[in-house]
Amino acid sequence: MLVLGIETSCDETAAAIVRDGQEILSNVIYSQVKTHTPYGGVVPELASREHLQKIRPIVDQAFADAHLTLDAIDGIAATSGPGLIGSLLVGLTYAKALSFSTHKPLAAVNHIEGHIYSVSFEHPNVEFPALALVVSGGHTNLFWVESESDDFRNLKYKLVGRTRDDAAGEAYDKVAKLLGLGYPGGPIIDRLAKTGNRNAFRFSIPKISDQSLDFSFSGIKTAVLQMVQKNEKLKEEPLRLDLCASFQESVVNMLWSTTLKAAQLHRPSSIMLSGGVAANSRLREAFAERCAEAGWKFYYPKPILTTDNAAMIAAAGTAKLMRGETAGIDVNADPNLRLA
Ligand code: KG4
Ligand code: ZN
């Protein structure tokens, strides 16, 4: 089954063609980062306008890279939420029009489910039940994932933990902004932290409650802000490098301690890490080491599939189309769509 995936939930216009949910024939990603950089974050109105300009050339590019034409594909998958409403509407409406005019089935895909499927390309044999930590600019969610068929064809999700305030990626982006580092903050802090001392500064980790598997990242952002207000030198090298490394280490430890607690409680067969923040080198390294120590199987996607892309949407859409879960022409974008 050949599926065209389309993703426009935030500031990437992306299209991909995937065979059987597994083999990536093309994966085109146009990032709008240059447009939003002067504002230090995504400007929704500009994002939807740029998606409108780019959607057609990006989809055409996906077909050209795969050496295929529209008649070759068996179905279309597009993100229907969560995300920015104006952005979502561009990709979903384009997909609906393609589906309507070609009579090819359409799957409406949850962006967060897409992130979970990003793991499936390199690791189709993940052991279920699994704990899936999805960390991105808009979400920090911990899911209990079960599979009837012991593969990615039919997954069931239960939300076991989520952020009470900021998403992990949002904390990275806000801290980068207040340190004058630019947008998006995650990759910049990741790079600078490599040369900083991760034990230079300590942040108290918020305690929500002993039973809860929820996260909170607004406290650490405020702590960094207050430190910088007291000492302007923290905005300059070399102290800034230490601050980046220490902030990052705290975020990694917060994500790990809750994942560890969830794993001890629920006893999954494996742990999956995905979403834009999963591109973080220290997060990958720390989770890999600590899961190995604990004897847990641990899976994450390669960097290009970690941040927003349409291959993951095609993969999740393929599973839906195979199950006959097609969307009608009346399907709507939902900025607050939930997975569980
Ligand atoms: O999944 P994604 O591309 O878009 C959303 O669904 O939100 O995630 C984007 C987020 C941004 O907050 C960005 O700063 C963060 O992922 N990010 C990183 C890294 N690369 C991207 N955070 C930490 N380290 C990275 N290397
Ligand atoms: Zn995402």
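Parameters at a glance
Residues numbered from 1 in each chain as written. Chains lettered and ligands numbered in written order. Predicted model: local features only at pLDDT ≥ 70, side-chain atom pairs only at ≥ 80, totals over all residues. Heavy atoms only, no water. Helix = DSSP H or I, 4+ residues; strand = E, 2+ residues; numbered from the N terminus. Rg over C-alpha atoms; globule rule 2.2 N^0.38 Å. Buried < 20%, exposed > 50% of the residue type's maximum accessible area, 1.4 Å probe, protein only. Contact = heavy atoms within 4.5 Å. Areas by Shrake-Rupley, 256 points an atom, 1.4 Å probe, with all protein chains shown as cover. Lys, Arg positive; Asp, Glu negative; His and termini not counted. Charge placed at Lys NZ, Arg CZ, Asp CG, Glu CD. Core = buried A, V, L, I, M, F, W, Y, C linked by side-chain atoms within 4.5 Å. Near = heavy atom within 4 Å. Polar contact = N/O pair within 3.5 Å; in protein donor to acceptor, adjacent residues only side chain to side chain. Nonpolar A, V, L, I, M, F, W, Y, C, P; charged D, E, K, R; others polar. Salt bridge = Lys/Arg side-chain N within 4 Å of Asp/Glu carboxyl O. Pairing = 2+ DSSP bridges. Right-handed = clockwise from strand over helix to strand, strands pointing away.

Undergrad: I keep staring at the overall build of the protein and nothing clicks. Help me out?
TA: Of the regular secondary structure elements, the protein holds eleven helices and ten strands. Against the compact-globule benchmark of 20 Å for 340 residues, the protein has a radius of gyration of 20 Å, which places it among compact chains. Based on the C-alpha atoms only, the size of the protein along its principal axes is roughly 60 × 45 × 30 Å. Here the protein holds 340 residues, and the buried ones make up 54% of them. In the protein, of all internal contacts separated by at least 6 residues, the share reaching a separation of at least 24 is 75%. By element, 51% of the accessible surface of the protein is carried by carbon and sulfur atoms, the whole surface being about 14,500 Å². Between the mean site of the 34 positive side-chain charges and the mean site of the 37 negative ones, the protein shows a separation of 5 Å.

Undergrad: Before we go on, may I ask you to explain the nonpolar core in this structure?
TA: By size, the foremost hydrophobic cluster in this structure holds 49 residues, and its most contacted members are V135, F247 and L255. Counting residues per element, the ones that place at least two in this core are β6 (130-135), β7 (140-147), α5 (168-178), α6 (185-193), α7 (218-230), α8 (239-266), β9 (270-274) and α9 (281-294). With twelve residues, α8 is the single largest residue contributor to this core. For F247, the residues in contact, after removing those within four places along its chain, are A171, Y172, V175, I189, F203, I220 and V224.

Undergrad: How should the site of ligand 1 be read in this particular structure?
TA: Taken together, 18 residues form the shell around ligand 1, and within it G137, D173, D190, N280 and D308 come nearest. Here D190 contributes a side-chain N or O atom positioned 2.9 Å from a nitrogen atom of ligand 1. Starting from 550 Å² of accessible surface for ligand 1 in isolation, the protein chains cover 90%. For the shell around ligand 1, the secondary-structure elements that each account for two or more residues are α4 (111-117), α5 and α6. Taken together, the residues of the shell around ligand 1 break down into five nonpolar, ten polar and three charged.

Undergrad: In this structure, what is going on with the pattern of salt bridges? I would like to understand it.
TA: Should their charged atoms come close, side chains of opposite charge can pair. According to the stated counting rule, one finds 15 salt bridges in the structure shown. When the shortest N-O distance is used, the salt bridge between K156 and E148 registers 3.8 Å. A relative accessible area of 63% means that E148 is categorised as exposed. Here R282 makes a salt bridge to E249, at a shortest N to O gap of 2.8 Å. Of this pair, R282 sits in helix α9 while E249 sits in helix α8, and the two are 33 residues apart along the sequence. Overall, R282 belongs to the buried group, its relative accessible area being 10%. One salt-bridge network, held together by shared partners, links R198, E249, R282, E285 and R290.

Undergrad: Got a minute to help me understand the pairing of strand β4 (residues 75-81) in this structure?
TA: If a strand is regular, its side chains alternate between the two faces of the sheet. Within β4, seven of the seven residues are buried, which leaves the element mostly enclosed by the surrounding structure. As paired elements, strand β1 (residues 2-7) and β4 share four bridges and run parallel to each other. Along β4, the bridge assignment pairs G5 with A77. Summarising the sheet, β4 and strand β5 (residues 106-110) pair through five bridges and their orientation is parallel. Bridge pairing links G81 to N110 in β5. In this region the chain leaves β4, passes through helix α3 (residues 85-102) and returns to the parallel neighbour β5; the handedness of that crossover is right-handed.

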